[in-house]
Amino acid sequence: MSCFNVKMKTPPLAILFFFLSTVFWGQSPNQFLKTARNHEEKNDYLTAAQLYEKVYLINLDISTAFKCAQNYQKARYYKKAESYYKKVIYTDNSRFPKAYYNLGITQKYLGDYSKAAKNFDYFLKHFPKENKELRNRAKYQKYFCEEIFYKQFEQTDTKIQY
């Protein structure tokens, strides 16, 4: 008899789960994209990134992952931005050359200067026809990251006076 009561409690939970998932996933990816763009225009980058993330989880479109990464970066959620830029690069490294530049910027903000410098270097070597201004910024960023990285290991001669 108690086993019957447990089974009777389970269906309402299953129905509730089904109802909530239908409400959440009931919106089409196009509706999520439209809402994400609206939030992006209002400089609400975190909400936009979360909406792009939902769309990416539905259709796994790499351009959506790139938009998601850009918005997480603008919202200063650098770890999330880094993970999405990596997804873009691992999926299609030639279609989104700016992903390398943006990944480098993100890694610089995370304090990972050697990885950032490598991504700037990759961007400069593999995308010579990319925007000249962006390439100049990448050169500067690479130099900056290398300098910071190497300065971390320099020993300074400091004398303590009593």
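Residues numbered from 1 in each chain as written. Predicted model: local features only at pLDDT ≥ 70, side-chain atom pairs only at ≥ 80, totals over all residues. Heavy atoms only, no water.

Student: Sorry, what's going on with the overall build of the protein chain here?
Tutor: Counting its secondary structure elements, the protein chain contains eight helices and zero strands. For the protein chain, the succession of helices and strands along the chain, N to C, is α-α-α-α-α-α-α-α. When burial is assessed residue by residue, the protein chain has 33% of its 162 residues classed as buried. Relative to all contacts within the protein chain whose residues are 6 or more apart in sequence, the contacts with residues 24 or more apart total 45%. Total accessible area computed for the protein chain in this model is approximately 11300 Å², and 56% of it derives from carbon and sulfur atoms. (Helix = DSSP H or I, 4+ residues; strand = E, 2+ residues; numbered from the N terminus. Buried < 20%, exposed > 50% of the residue type's maximum accessible area, 1.4 Å probe, protein only. Contact = heavy atoms within 4.5 Å. Areas by Shrake-Rupley, 256 points an atom, 1.4 Å probe, with all protein chains shown as cover.)

Student: Help me understand the environment of Lys142 in this model?
Tutor: Residue placement: Lys142 occurs in helix α8 (residues 132–151). Excluding its chain neighbours within four sequence positions, the residues that come into contact with Lys142 are Ala117, Phe120, Asp121 and Leu124. Reaching out from Lys142, the side chain makes a polar contact with the side chain of Asp121 at a distance of 3.3 Å. (Polar contact = N/O pair within 3.5 Å; in protein donor to acceptor, adjacent residues only side chain to side chain.)

Student: Would you explain the nonpolar core in this entry?
Tutor: Ranked by internal contacts, the top residues of the largest apolar core, which has 36 residues, are Tyr84, Tyr85, Val88, Ala99, Tyr101, Phe120 and Phe123. Setting aside residues no more than four positions away along its own chain, Tyr101 makes contact with Phe120, Phe123, Leu134, Arg137, Ala138 and Gln141. (Core = buried A, V, L, I, M, F, W, Y, C linked by side-chain atoms within 4.5 Å.)

Student: I'm lost on unusual backbone geometry in this one. Help?
Tutor: Most peptide bonds are trans, and most residues other than glycine sit at a negative phi. If you check the backbone angles, Asn43 has positive phi at about 60° while not being a glycine. Along the polypeptide, Asn43 turns up in the loop between α2 (29–41) and α3 (45–59). A positive phi angle, near 55°, is found at Leu60, a position not held by glycine. Residue placement: Leu60 occurs in the loop between α3 and α4 (62–74).

Student: Help me out: how do you make sense of the side chain of Arg135 in this one?
Tutor: Note that Arg135 resides in helix α8. This buried residue, Arg135, is left without a salt bridge; Glu130 holds the nearest opposite charge, at 8.0 Å. (Lys, Arg positive; Asp, Glu negative; His and termini not counted. Salt bridge = Lys/Arg side-chain N within 4 Å of Asp/Glu carboxyl O.)

Student: Just checking my understanding: could you explain the environment of Lys86 for this structure?
Tutor: With respect to the secondary-structure elements, Lys86 resides in helix α5 (residues 78–91). Given a relative accessible area of 27%, Lys86 falls into the partly exposed group.

Student: Would you mind going over helix α7 (residues 113–126) with me for this structure?
Tutor: Owing to its 3.6 residues per turn, the α-helix aligns residues three or four sequence positions apart on the same side. Compared with the 20 Å implied by 1.5 Å per residue over 14 residues, the 20 Å span of α7 between its first and last C-alpha is a close match. Along α7, the residues that are buried comprise Tyr113, Ala116, Ala117, Asn119, Phe120, Phe123 and Leu124. Down the axis of α7, the sector holding all buried residues measures 160°, keeping them to one side. Turned more than 90 degrees off the buried face of α7, the exposed positions are Lys118 and Lys125. (Expected span 1.5 Å × (residues − 1). Arc of directions from axis to C-beta.)

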